Amino acid sequence: MPEFLRKFEEKPTEIIFEWNDSKTDAQGWLVINSLRGGAAGGGTRMRKGLTKNEVISLAKTMEIKFSVSGPAIGGAKSGINFDPADPRKKEVLERWFKVVAPLLKSYYGTGGDMNVDEIDEVIPITEEYGIWHPQEGIVNGHYRSRERDKINKIGQLRIGVSKLIEDEEFTPSKKDGYLVADMITGYGVAESVRHYYRLFKQEFMDGKKAIIQGFGNVGASAAYYLSQQGVLITGIIDITGALINEKGMDYNTIKHLFLTRKNNKLYHPDLISFEQANIEFWKTKADIFIPAAGSRFITEHHLDDMMQSGVEVIASGANVPFNDTEIFYGKILNKADESLAVIPDFIASCGMARVFAYLMHKNVTISDEAIFKDVSKTIYNALEKIYEKDKRNRFITRNALEIAIEELS
């Protein structure tokens, strides 16, 4: 591991808040890597089997992400070890947010993450405890806004994050009412691939082939926006099974799959079983791979199969997608980074973090085009810095990490 990364990984986190639910076996951790700039930010996730070490690694990843997306604050993450399918989920979240509410008022900002919805769960529950918006702690701790300015920032956050997308360029269906929060992360992932081809290869994406792991908000919207740019989707794997089509699924097919999801999962009469898919999917011919199913799912065997199948670029829709023990740069990621173009999570999936940062500026334009194009520009600028440092289409993640940690020093 490079020395600059070792120092960042081994530096102790500033705050670890640990919680044991009084009525279930749920455990929760809020990890604040640092209070750089007076505040810290990071979403709230829930999954069975979540560990404190995973939350620590994600908090450190968020600190790196803010060096790209802004604002200049520390990284944090909330994680709850509990089955999100349990009917007591809402009660657990209510008790969790009640105990962390004082931090959300003062210096911590959160949002949705894996199995926790920003609009339907985080915002309404935190409002019950007097939080104007889940990012209020950043407005107070980092910006130290006066009352009028605070009201302006919170108002922009309330409107922008929950905004219905009306511009047909950015939504698969105006009738079904998709929000900025539903689509923006996947949009950024797709844009990171487009910008990669533009900068590093001087190519367009039209006619490229992609495989997608996970078909929730991030994976499905990334597939949608890629297909909008002419990319053919040759495989999608989700917990419900998989669709594989070596010729590639076009825009209309992907749009239909997006609109017919059930509970944010892939459904189709021709799905093959997950067990069978988990063998065949990784060998599907493709140029692009989007991991968007969760953290640390990509094994070295998966990587070897994809390299054999022609994958040349990986854009990380999930945080820390490779199954390494190290936080940032283990054996599997190193192998991928030296062999392929790997666009790291803190660039590819910075969309929601960037939206929060954008909406905290003074008197911004709150339109679909302004919000989405700002995310695209932010990702382009990050990749351009890497390209200026090293024009090879290898070691993109390592170079990105080095640039980010230099900025944090």
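In case you missed it, the structure is sitting above this.
Residues numbered from 1 in each chain as written. Predicted model: local features only at pLDDT ≥ 70, side-chain atom pairs only at ≥ 80, totals over all residues. Heavy atoms only, no water.

Side note on empty space enclosed by the protein
- Under the definition given, this model contains one cavity of 30 Å³ or more.
- The space that makes up the largest cavity amounts to roughly 180 Å³.
- Going through the elements one at a time, helix H13 (345-348) and helix H16 (396-408) are the ones with two or more residues in the lining of the largest cavity.
- Its residues assigned to classes, the lining of the largest cavity shows 11 nonpolar, four polar and four charged. (1 Å grid on protein atoms, 1.4 Å probe; cavity = no way out; pocket = protein on both sides within 12 Å on 5 of 7 lines; lining within 4 Å. Points joined across faces, edges and corners; volume = space filled by probe spheres on them. Helix = DSSP H or I, 4+ residues; strand = E, 2+ residues; numbered from the N terminus. Nonpolar A, V, L, I, M, F, W, Y, C, P; charged D, E, K, R; others polar.)

A look at the packing of helix H2 (residues 52-69) against helix H14 (residues 351-359)
- Look at H2 against H14: their axes get within 9 Å of each other, and the N-to-C directions meet at 55°. Our classification of the angle between H2 and H14 gives oblique. Where H2 crosses over H14, the handedness of that crossing is right-handed. In contact with Lys65, Phe66 and Ser69 of H2, H14 contributes Ala353, Arg354 and Ala357.
- Of the residues in the contact of H2 with H14, the class split is three nonpolar, one polar and two charged. (Axes fitted to C-alpha atoms, helices over the stretch in contact; angles between N-to-C directions. Parallel < 35°, antiparallel > 145°, perpendicular 65-115°, else oblique. Left-handed = near helix turned anticlockwise from the far one by under 90°. Contact = heavy atoms within 4.5 Å.)

Considering the packing of helix H5 (residues 136-143) against helix H6 (residues 147-161)
- Between H5 and H6, the least distance of the axes is 10 Å, while the angle of their chain directions is 145°. The two elements H5 and H6 cross, and the hand of that crossing is right-handed. Contacts between H5 and H6 pair Glu136, Val139, Asn140 and Tyr143 from the former with Lys150, Lys153, Ile154 and Leu157 from the latter.
- Here the contact of H5 with H6 is built from residues that sort into four nonpolar, one polar and three charged.

What to know about the side chain of arginine 95
- By the element assignment, arginine 95 lies in helix H3 (residues 89-106).
- In contact with arginine 95, not counting residues within four places along its chain, are Trp19, Asp21, Ser22, Lys23 and Thr24.

Quick notes on the sheet that holds strand E8 (residues 232-238)
- Read across the sheet, six strands follow the order E9-E8-E7-E10-E11-E12 without closing on themselves; strand pairing throughout is mixed. Both edges of this open sheet fall to strand E9 (241-249) and strand E12 (341-343), since each of them pairs with a single strand only. The mean angle between the axes of side-by-side strands here comes to 15°, regardless of whether they run parallel or antiparallel.
- Here strand E10 (residues 288-291) pairs with strand E11 (residues 313-315) via two bridges, running parallel. (Pairing = 2+ DSSP bridges.)

A closer look at the pattern of salt bridges
- Applying the stated criterion to the full structure yields 27 salt bridges.
- For glutamate 203, the salt bridge is made with lysine 208, and the minimal N-O distance between the two is 2.9 Å.
- Taken together, the shared-partner salt bridges in this structure form one network comprising Arg45, Arg47, Glu54, Lys77 and Asp113. (Salt bridge = Lys/Arg side-chain N within 4 Å of Asp/Glu carboxyl O.)

Some words on helix H7 (residues 180-201)
- Counted at 1.5 Å a residue, the expected span for H7 with its 22 residues is 32 Å, and the 30 Å between its end C-alpha atoms agrees.
- Where burial is concerned, most of H7 is hidden: 19 out of the 22 residues are buried.
- Glutamine 202 occupies a position one or two residues after H7 and carries a positive phi of about 50°. (Expected span 1.5 Å × (residues − 1). Buried < 20%, exposed > 50% of the residue type's maximum accessible area, 1.4 Å probe, protein only.)

Examining the pairing of strand E1 (residues 15-20)
- Strand direction decides the pairing type here: E1 and strand E2 (residues 27-32), joined by six bridges, are antiparallel. Residue pairing across strands places asparagine 20 opposite glutamine 27, the latter belonging to E2.
- Between the antiparallel neighbours E1 and E2 lie six residues.

Description of the packing of aromatic side chains
- Throughout the structure, instances matching the rule amount to 16 aromatic pairs.
- When the ring of phenylalanine 170 is compared with that of tyrosine 187, the centres are 5.9 Å apart and the planes differ by 80°; the resulting orientation is edge-to-face. Pair noted here: phenylalanine 170 is in the loop between H6 and H7 and tyrosine 187 is in helix H7, with a separation of 17 residues, a long-range link.
- Exposure remark for phenylalanine 170: the relative accessible area of 1% places this residue in the buried category.
- What makes tyrosine 187 buried here is its relative accessible area of 5%.
- Judged by centre distance (5.2 Å) and plane angle (70°), the rings of tyrosine 178 and phenylalanine 258 are edge-to-face. Within this pair, whereas tyrosine 178 is found in the loop between H6 and H7, its partner phenylalanine 258 is found in helix H9 (residues 251-259), the two being separated by 80 residues in sequence.
- Following the ring pairs from residue to residue traces out a cluster consisting of Phe170, Tyr178, Tyr187, Tyr224, Tyr225, Tyr251, Phe258 and Phe372.
- Between the NZ or CZ atom of lysine 60 and the centre of the ring of phenylalanine 8, over which it lies, the distance is 5.3 Å. (Phe/Tyr/Trp six-rings, centres within 6.5 Å; stacked < 30°, edge-to-face > 60°. Lys NZ or Arg CZ within 6 Å of the ring centre and 35° of its normal.)

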